[in-house]
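This is what each chain is made of:
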Amino acid sequence: MKSFIHEALPVRVVFGVGSLASVGEETERLGASRVLLIAGGHEKASADVVAAALGPRLAGRFEDVQPHVPLAVAETARAVARELRADALVSIGGGSATGLAKAVALDTGLPIVAVPTTYAGSEMTTVYGITSDTKKQTGRDPRVLPKTILYDPALTVTLPPGLSAASGMNALAHCVEATYAEGANPLRSAIAGEGIRALAAGLPLVVQAPDDLDARGEVLLGAWLAGTVIASGGIGIHHKICHVLGGTFGLAHAETHAVVLPHAVAFNAGAAPAALAVVARALGHDDPAAAIFDLGQDSGLPSSLAALGMPEDGLDEAARLVVAAAPPNPRPVDEAGVRALLADAFSGRRPRRQA
């Protein structure tokens, strides 16, 4: 067995139906008296509940939440936090709301209480991303890690089946890459395997019966585990491709993960057999790339980058950008290989193991 280092991040997790009700108590634990609430307009109902629970501790609300955290939006939110003399942040929503809170915390050092309503899992990580001039810059900083996370399956019930499936595939990608990323180790692989199992079991049920709280809880559990393993385990080629496609070409983040993931797994299959055996066992299938492709199809998700609006004449540029800033990956990353991966993902053909 190879040597490894494992680092656990200090996060308090409150998990269960109804956990949103503890938001006031959790901000009080942080000693907060002037909370800035970050939630997009589509999260207004939950945000109103939180605002009422915070009472006089609510200093203000910020609703201009946008995908990929545009720099201009981040700077506006930072200015609002300073103007209100905020001493804590509460974010409600998916990765965009969490990401905006992280952008504010990166600049101000304010603690975050995150309330995820999707399955992205980014709330468990020190990773942040800010988009400027169509390029998404990512980094890691302990200041952006939420102090407390409230996982309430009931908050995900209003997430439409299609968005639930796409968000769940995003979480699945975190688990898969955790098995072979640079920081992979036996504990992360075990957690990732359980996350994959929970997501694969729960996602079809969520799509078929959106009000099933047990299924919602299973998927949210998978999302938490996914965030846990990606938090300190690093990423591989899959995530870099998705960052490029989202930041440069404006493709929807979660749906892009669903389309690219099976092809990224096929790309790495020959170079990471032991890692992907963990994925195969969790999925109950001897071909994990095909199983992930089928899961996306069965969940009604788009299977091609073309369907997401990716221009075919942008594939060469995307391949160059990926290779220019490629993270550590089991298989060496070269432009021809990435271009072939992108071509398969663009057309939506069933994944094939690359030579």
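Please read all numbers here as calculations on a predicted model, not as lab measurements.

Asker: Would you mind going over the state of the cysteines with me for this structure?
Answerer: Tallied over the entire structure, the rule returns zero disulfides. The cysteine Cys175 is free of any disulfide, with Cys242 supplying the nearest cysteine sulfur at 15 Å.

Asker: Just to check I follow, could you spell out the nonpolar core for this structure?
Answerer: Grouped burial of nonpolar side chains is what soluble globular proteins tend to show. In terms of nonpolar packing, the biggest core is built from 63 residues, with Ile38, Leu89, Leu100, Leu172 and Val176 touching the most fellow members. Ignoring any residue separated from it by four or fewer positions in sequence, one finds Leu89 in contact with Val35, Leu36, Ile38, Ala101, Val104, Ala105, Leu110, Pro111, Ile112 and Val113. Counting 23 residues, the second-largest nonpolar core is a separate cluster that includes Val244, Val259, Val260 and Val338.

Asker: Got a minute to help me understand the pattern of salt bridges in this structure?
Answerer: Between side chains of opposite charge, pairing is possible as soon as their charged atoms come close. The tally for this structure, following the rule as stated, stands at eleven salt bridges. Its salt-bridge partner being Arg12, residue Glu26 comes within 2.9 Å of it at the nearest N-O pair. Here the residue Glu26 occupies a position in helix H1 (residues 23-29), and Arg12 occupies one in strand E1 (residues 12-15), the gap between them amounting to 14 residues. Arg61 is the salt-bridge partner of Asp48, the closest N and O atoms lying 2.9 Å from each other. Within this pair, whereas Asp48 is found in helix H2 (residues 44-54), its partner Arg61 is found in strand E3 (residues 58-62), the two being separated by 13 residues in sequence. Its relative accessible area of 30% is what places Asp48 among the partly exposed residues. A relative accessible area of 33% means that Arg61 is categorised as partly exposed. Here the salt bridges do not stand alone but share partners, grouping Arg12, Glu26 and Arg29 into one network.

Asker: Got a minute to help me understand the pairing of strand E2 (residues 35-39) in this structure?
Answerer: Along a regular strand, successive side chains alternate from one face of the sheet to the other. Counting buried positions over the five residues of E2 gives five, a clear majority of the element. The alternating pattern of E2 places Val35, Leu37 and Ala39 and Leu36 and Ile38 on opposite faces, both of which are buried. Pairing of E2 with E3 involves four bridges; the strand directions are parallel. For Leu37, the partnering residue across the bridge sits in E3 and is Arg61. Remark: the E2/H2/E3 crossover connection has right-handed handedness. Bridge analysis of E2 against strand E4 (residues 88-93) gives five bridges, and the strand direction is parallel. The residue of E4 that forms the bridge with Val35 is Ala88.

Asker: In this structure, what is going on with empty space enclosed by the protein? I would like to understand it.
Answerer: To find the voids left in a structure, one rolls a probe of water-molecule size over its atoms. Enumeration over the complete set of coordinates arrives at two cavities of 30 Å³ or more. Roughly 60 Å³ of internal volume is contained in the largest cavity. Met169, Ala258, Val259, Pro262, Ile292, Phe293, Gly296, Gln297, Leu301, Pro302 and Ser303 are the residues that line the largest cavity. Considering only residue class, the lining of the largest cavity consists of eight nonpolar, three polar and no charged. Of the pockets and cavities examined, the second largest cavity occupies roughly 40 Å³. What lines the second largest cavity is Leu37, Ala39, Gly40, Lys44, Ala47, Arg61, Phe62 and Glu63.

Asker: What should I look at first to understand the packing of aromatic side chains in this one?
Answerer: We describe a pair of aromatic rings using the distance from one ring centre to the other and the angle between the two ring planes. Scanning all chains against the criterion turns up three aromatic pairs. Ring centres 5.8 Å apart and planes at 40° place the aromatic pair Phe15 and Tyr151 in the tilted group. Taken together, the residues Phe15 in strand E1 and Tyr151 in strand E8 (residues 148-151) connect sequence positions 136 residues apart. By relative accessible area, Tyr151 is classed as buried at 0%. Seen in terms of ring centroids, Tyr151 and Trp224 are 6.4 Å apart; in terms of plane orientation they differ by 45°. Their pairing is tilted. One end of the pair, Tyr151, is in strand E8; the other, Trp224, is in helix H7 (residues 213-233), and 73 residues separate them in sequence.

The rules we used
- Residues numbered from 1 in each chain as written.
- Predicted model: local features only at pLDDT ≥ 70, side-chain atom pairs only at ≥ 80, totals over all residues.
- Heavy atoms only, no water.
- Disulfide = S-S within 2.5 Å.
- Core = buried A, V, L, I, M, F, W, Y, C linked by side-chain atoms within 4.5 Å.
- Buried < 20%, exposed > 50% of the residue type's maximum accessible area, 1.4 Å probe, protein only.
- Contact = heavy atoms within 4.5 Å.
- Salt bridge = Lys/Arg side-chain N within 4 Å of Asp/Glu carboxyl O.
- Helix = DSSP H or I, 4+ residues; strand = E, 2+ residues; numbered from the N terminus.
- Pairing = 2+ DSSP bridges.
- Right-handed = clockwise from strand over helix to strand, strands pointing away.
- 1 Å grid on protein atoms, 1.4 Å probe; cavity = no way out; pocket = protein on both sides within 12 Å on 5 of 7 lines; lining within 4 Å.
- Points joined across faces, edges and corners; volume = space filled by probe spheres on them.
- Nonpolar A, V, L, I, M, F, W, Y, C, P; charged D, E, K, R; others polar.
- Phe/Tyr/Trp six-rings, centres within 6.5 Å; stacked < 30°, edge-to-face > 60°.

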